[in-house]
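Take a look at the letters that make up each chain.
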Amino acid sequence: MRRVYMDANATTPLLPEVMEAMRPYWMEHFGNASSIHQHGQRARTAVDQARDVLAEFFGCHPAEVVFTSGGTEGDNTALFGLLHPGDHLITTSIEHSAVLAAADRLARDGVSTTRVDPQPNGLIDPMDILRAIRPETRLISVMLANNETGVVQPVEEIGRIAAQTGVFFHIDAVQGAGKVPIDVQKIGCHVLTISGHKMHAPKGVGAMYVRKGTPLDPMFVGGSHERRRRAGTENVPAIVGLAKATEAAMHSLDSGVLHRLAGLRDRLEAGILEQIPGTGVNGAGVPRAANTTNIWFDQLEGEALVIALDLKGISVSGGSACHSGATEPSHVLMAMGLDKTRARASLRFSLLKTATDADIDYVLDVLPAAVERLRELAPAPDPIPDTSVPALAEAAG
């Protein structure tokens, strides 16, 4: 059976060149990067070279790059490392659970949170951020690109607000990295986090930009690794892989790959909306990550359609992979104003950079019949009662 993977926002496969770059650091060059002998120094050189690549990617100094285990650690570090009892956090209601759950835990320690809702198109209004600022506000945390809709937030405008009001600014760039240009100087953030496995690097590795002078308390303490900002022996193979994948991401940003990908995404959307009635795009009409679309299909359950498509060889998602199996509808779509029924009937299609026209053709060939079949199986909606006077009189006998 032909298989088409359209769940890149959940995870991505290693690029062959990433695997090859990592291979020597599992076997021949296995040293601890903190050791002073030749084995250790070879590993240290690899980490330093990787740090240079990430610094170029972020637009910062290499000393401002911190390697982590991924996006959740980075997001948690930004919040737990900057906020203290009595502080106020401003975030949004469409953030990843790595931010929202951290905010919930911080509430137990006396940190209050304002969650700004998006507009119906998924965009956060920077003026809503400004209006939420209080004297005790210490941190603003806003994602770069939403993991479910792909909507790209106006982070530069929010960064200017943070600078003008003297508030720290954190960006979760996990879904934006490699899809949206990143320049931490233009954005004006103090902390920015990415995750390797969303951009063809291995799982279990990520990186943070931490602006020089930012008083970020480390999550992990122990050794002096990462300039005492993240204790623990460096995962050298994964760090090397992250750097190689980052080089590929920078190339795709400059080479027109994303323009081609956006064209495929748009053709997929247009084909679905043309062929299948009762459909629409969540987050349409605003800037989005080139690979992502989120579409609602009325009169069916999204989970059933995910399963039906999987049986036909197509991998898609009902939303964030971190919430797979959840019975509640997407908090992102609900915050955008969708009711529970339509939120549950929405699917995310997120394309790999290797997606082809043939992949789009296959999905557009299979999807209409799958939707029609599920709608046929769905129970008919309850009839609207006739409340006219004759009908009521007849019912009363």
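Definitions and cut-offs
Residues numbered from 1 in each chain as written. Predicted model: local features only at pLDDT ≥ 70, side-chain atom pairs only at ≥ 80, totals over all residues. Heavy atoms only, no water. Buried < 20%, exposed > 50% of the residue type's maximum accessible area, 1.4 Å probe, protein only. Helix = DSSP H or I, 4+ residues; strand = E, 2+ residues; numbered from the N terminus. Pairing = 2+ DSSP bridges. Axes fitted to C-alpha atoms, helices over the stretch in contact; angles between N-to-C directions. Contact = heavy atoms within 4.5 Å. Phe/Tyr/Trp six-rings, centres within 6.5 Å; stacked < 30°, edge-to-face > 60°. Lys NZ or Arg CZ within 6 Å of the ring centre and 35° of its normal. Parallel < 35°, antiparallel > 145°, perpendicular 65-115°, else oblique. Left-handed = near helix turned anticlockwise from the far one by under 90°. Nonpolar A, V, L, I, M, F, W, Y, C, P; charged D, E, K, R; others polar. Polar contact = N/O pair within 3.5 Å; in protein donor to acceptor, adjacent residues only side chain to side chain. Domains from an automatic or database assignment. Buried area = accessible area lost by both parts, 1.4 Å probe.

Enquirer: I'm lost on the pairing of strand S6 (residues 168-172) in this one. Help?
Expert: Within a regular beta strand, the side chains point alternately toward one face of the sheet and then the other, so they alternate between its two faces. Along S6, five of the five residues are buried, which leaves the element largely enclosed by surrounding structure. Residues Phe168, His170 and Asp172 of S6 are buried on one face, and the alternating residues Phe169 and Ile171, pointing to the opposite face, are buried as well. With three bridges connecting them, S6 and strand S7 (residues 191-195) associate as parallel partners. Of the residues in S7, the one forming a bridge with Ile171 is Leu192.

Enquirer: I would appreciate a short explanation of the sheet that holds strand S2 (residues 65-68) in the present structure.
Expert: In any sheet, the strands associate via hydrogen bonds between backbone groups, in a parallel or an antiparallel arrangement. The seven strands lie next to each other as S2-S8-S7-S6-S5-S3-S4, forming an open sheet whose pairing is mixed. For this open sheet the edge positions go to S2 and strand S4 (112-116), each flanked by a neighbour on one side alone. Sheet twist, expressed as the mean angle between neighbouring strand axes with direction ignored, is 20 degrees. Sheet contacts for helix H3 (residues 71-82): S2, strand S3 (88-92), strand S5 (137-143), S6, S7 and strand S8 (206-210); angle to S7, the most-contacted strand, approximately 160 degrees.

Enquirer: In this structure, what is going on with the packing of aromatic side chains? I would like to understand it.
Expert: Remark: the centre distance and the inter-plane angle together describe each pair of aromatic rings, the angle taken between the planes. Under the defined criterion, the tally for this structure stands at one aromatic pair. With centroids separated by 5.9 Å and ring planes inclined at 45 degrees, the aromatic side chains of Phe57 and Phe58 adopt a geometry described as tilted. Taking the ring centre of Trp296 as reference, the NZ or CZ of Arg342 above it sits at 3.5 Å.

Enquirer: Sorry, what's going on with the packing of helix H2 (residues 38-58) against helix H9 (residues 236-255) here?
Expert: The axes of two packed helices give the description: the angle between them and the distance between them. As a packed pair, H2 and H9 sit with axes 9 Å apart at the nearest point and diverge in direction by 30 degrees. With respect to each other, H2 and H9 are oriented roughly parallel. Note that H2 runs across H9; the crossing there is left-handed. Note on element contacts: H9 touches H2 through Val236, Ile239, Val240, Leu242, Ala243, Thr246, Glu247, Ala249, Met250 and Leu253, opposite Ala43, Ala46, Val47, Ala50, Val53, Leu54, Glu56 and Phe57. Residue composition of the contact of H2 with H9, by class: 15 nonpolar, one polar and two charged.

Enquirer: Is there a simple way to think about the side chain of His96 in this case?
Expert: Residue position: His96 is located in the loop between S3 and helix H4 (97-107). By relative accessible area, His96 is classed as buried at 16%. Side-chain polar atoms of His96 contact the backbone nitrogen of Ala98, separated by 3.0 Å.

Enquirer: It is not clear to me how the domain arrangement of the protein chain should be interpreted in this structure. Could you clarify?
Expert: One frequently used descriptor of interface size is the decrease in accessible area upon assembly of the parts. Under the domain assignment, the protein chain is made up of domain 1 (4-10 + 256-376) and domain 2 (16-252). Each of domain 1 and domain 2 has a C-alpha centre, and the two are 27 Å apart. The interface of domain 1 with domain 2 comprises 28 residues on the first partner and 27 residues on the second. Carbon and sulfur atoms make up 55% of the surface buried where domain 1 meets domain 2, a total of about 2,300 Å² over both sides. The largest share of the area that domain 1 buries against domain 2 comes from Val332, Met336 and Lys353, three residues that together contribute 22% of it. For the pair domain 1 and domain 2, the number of links is 13 residue pairs in polar contact (both at pLDDT 80 or more). Looking at the side of domain 1 that touches domain 2, the elements that each hand over two or more residues are helix H10 (257-275), strand S10 (292-297) and helix H12 (331-335).

Enquirer: Sorry, what's going on with the sheet that holds strand S12 (residues 346-350) here?
Expert: If you walk across this open sheet you meet the three strands as S9-S10-S12, and the pairing is antiparallel. Since the sheet does not close on itself, it has two edges, and those belong to strand S9 (279-281) and S12, each with one partner. Sheet twist, expressed as the average angle between the axes of neighbouring strands with direction ignored, equals 25 degrees. Both S9 and S10 contribute to a ladder of three bridges, which runs antiparallel. Paired with Thr279 across the strands is Phe297, a residue of S10.

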